[in-house]
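# Commentary on secondary and tertiary structure
The primary structure of each chain is shown beneath.
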Amino acid sequence: MHNQHREKLFSLFDDNQNGVVFIQGAETMYRYATDYEFPFRQESNFWYLTGVNEAECSLVLDLKKEEYHLFVPERDAQYAVWHGYVKTKEQYQEEYQPDHLHYRNDILKVLNELKPETVYCIDDEQAEFVEDLNRGFNVETEALVDALTYCRALKTDWELDQLREACRVNDLAYLEVMKSIKPGMYEYEMKAIFNKVQIENGLMQDAYNGIFASGVNASILHYVVNNSRIKEGDLFLMDSGFECNGYASDYTRTFPANGKYNDVQKGIYNSVLAGMDKVLDSIKPGVKMEDLHLLAARTMMEGLKDMGIVKGNVDDMMEENIFALFFPHGLGHFLGLDTHDVGGYPKGVDRIDRPGIKFLRARRELLPGMVITIEPGIYFVPAVLNPAMADPEKNQFLNTEKVESLLGFGGVRIEDDIIVTENGLENMTNVPKKVDEIEALMKG
Ligand SMILES: [Mn+2]
């Protein structure tokens, strides 16, 4: 599968140009000045092209011959004392099947032999490394990033299978937490249950810092402290996922700690769900993420208007960006080797300078093979709503009494992982999201 990724990349470069791609893999990272090693995670582009999950490796792709050179570290016996064994060149060759295998201190020698007209690098730091080897090399840092972004945005069947497996396990972990939660438990206990299901299914690497937020904590978009006690009557917002072979899952569910939504919780929850459903019904090739964002925003404003939390004409609310007071983040993002994966913004497309939607991490027409998250939400953030209530332009749309009563509410977000297909979509997330289904599941 990784050789398919290399072929895909080769196909984007001119056949007869005498250039090479150079990428350094990830190094072992230590905690400040100690020998504590952080868990190793390969750099995503390096992993994509090689499938080598080891530190201190490099690659050169010869674009003319379409050949793959892998560089591995030369370890001494001392390494074996601490880490168990030192691989021979034959073992590396057998495991990763490069066209040419070298030790890492031969990078300069190999590059000098290849005499590339251009060395394509992924960033300035790696370009400087190449220039430091030999000032004669001509380095370039844009074309490779564009090419890799293009490749990674359109997933292969093998990649889709990894994402499906990450989602299958994520489903199990979500169900387990939803069945286990009780008021009085701590947020970190939910994290422990979640992680246990992931790890016992063989997934070892979390895709991001999970959010396990009860009550008002759910209004903090990147709440990761996860140390509060869950109270009776709280909603619980959980946004967490693990990787399968490097490919991430990323869901959110918001459910009542005691198993039953009260009327206000249900009203706000169903407003978010209505936004979600409208978007999922609309996804197909050719649809733009920014249009989906505004569709979700409008639908949620209609829900809040039905509840009497906002008032006035919904068109005017959209015009005046009132939706962003409650929905201050983007509708979704590309998903893959990174949780916020590459490919969201094609070259030349800038962010929209408008509240809320400026945080949208993807702005382009969707194509089959793209994988995205859809994650509408409604939050009551005092730091956003208090100034809005003091601003007559905005306050005319707000029912101040109701908004004030909800300043400790927290928030609701619902997030699914979606493959865009020829005909519409495949939803990889299979965790209940209707109120009655969630309540039935939690009742057991
Ligand atoms: Mn997400």
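Everything numeric here is computed off the predicted structure, so don't read it as measured data.

A few words now on the packing of helix α10 (residues 263–282) against helix α11 (residues 289–306). Interhelical geometry of α10 versus α11 gives an angle of 150° and a closest axis separation of 8 Å. Between α10 and α11, the crossing angle belongs to the class labelled roughly antiparallel. Seen along the crossing, α10 lies across α11 with a hand that is right-handed. Together, N270, S271, V272, A274, G275, K278, V279 and S282 of α10 and L292, L295, A296, T299, M300, G303 and L304 of α11 make up the contact between the two elements. For the contact of α10 with α11, the per-class residue count stands at eight nonpolar, six polar and one charged.

So, on to the environment of E415. Tracing the chain through its elements places E415 in the loop between β15 (411–413) and β16 (416–420). The class of E415 is buried, set by 23 C-beta atoms lying within 10 Å. C-alpha separation for the pair E415 and T429, spaced 14 residues apart in sequence, amounts to 8.6 Å. Not counting the four nearest positions on each side in its chain, E415 is found in contact with D239, D250, Y251, T252, T373, I374 and E375.

Bringing the nonpolar core into the picture now. Within the largest apolar cluster, 112 residues are counted, with the highest numbers of intra-cluster contacts made by V21, F22, A166, V272, M300 and I372. Considering each element in turn, this core owes the most residues, eight residues, to helix α8 (residues 157–180). A domain-level breakdown of this core finds at least three residues from each of domain 1 (2–153) and domain 2 (157–443). For M300, the contacting residues outside a window of four places in its chain are S271, V272, G275, F323, F326, F327, P376 and I378.

Cut-offs used in this document
Residues numbered from 1 in each chain as written. Predicted model: local features only at pLDDT ≥ 70, side-chain atom pairs only at ≥ 80, totals over all residues. Axes fitted to C-alpha atoms, helices over the stretch in contact; angles between N-to-C directions. Helix = DSSP H or I, 4+ residues; strand = E, 2+ residues; numbered from the N terminus. Parallel < 35°, antiparallel > 145°, perpendicular 65-115°, else oblique. Left-handed = near helix turned anticlockwise from the far one by under 90°. Contact = placed C-beta atoms within 7 Å. Nonpolar A, V, L, I, M, F, W, Y, C, P; charged D, E, K, R; others polar. Buried ≥ 20, exposed ≤ 12 C-beta atoms within 10 Å, placed from the backbone. Core = buried A, V, L, I, M, F, W, Y, C linked by C-beta atoms within 7 Å. Domains from an automatic or database assignment.

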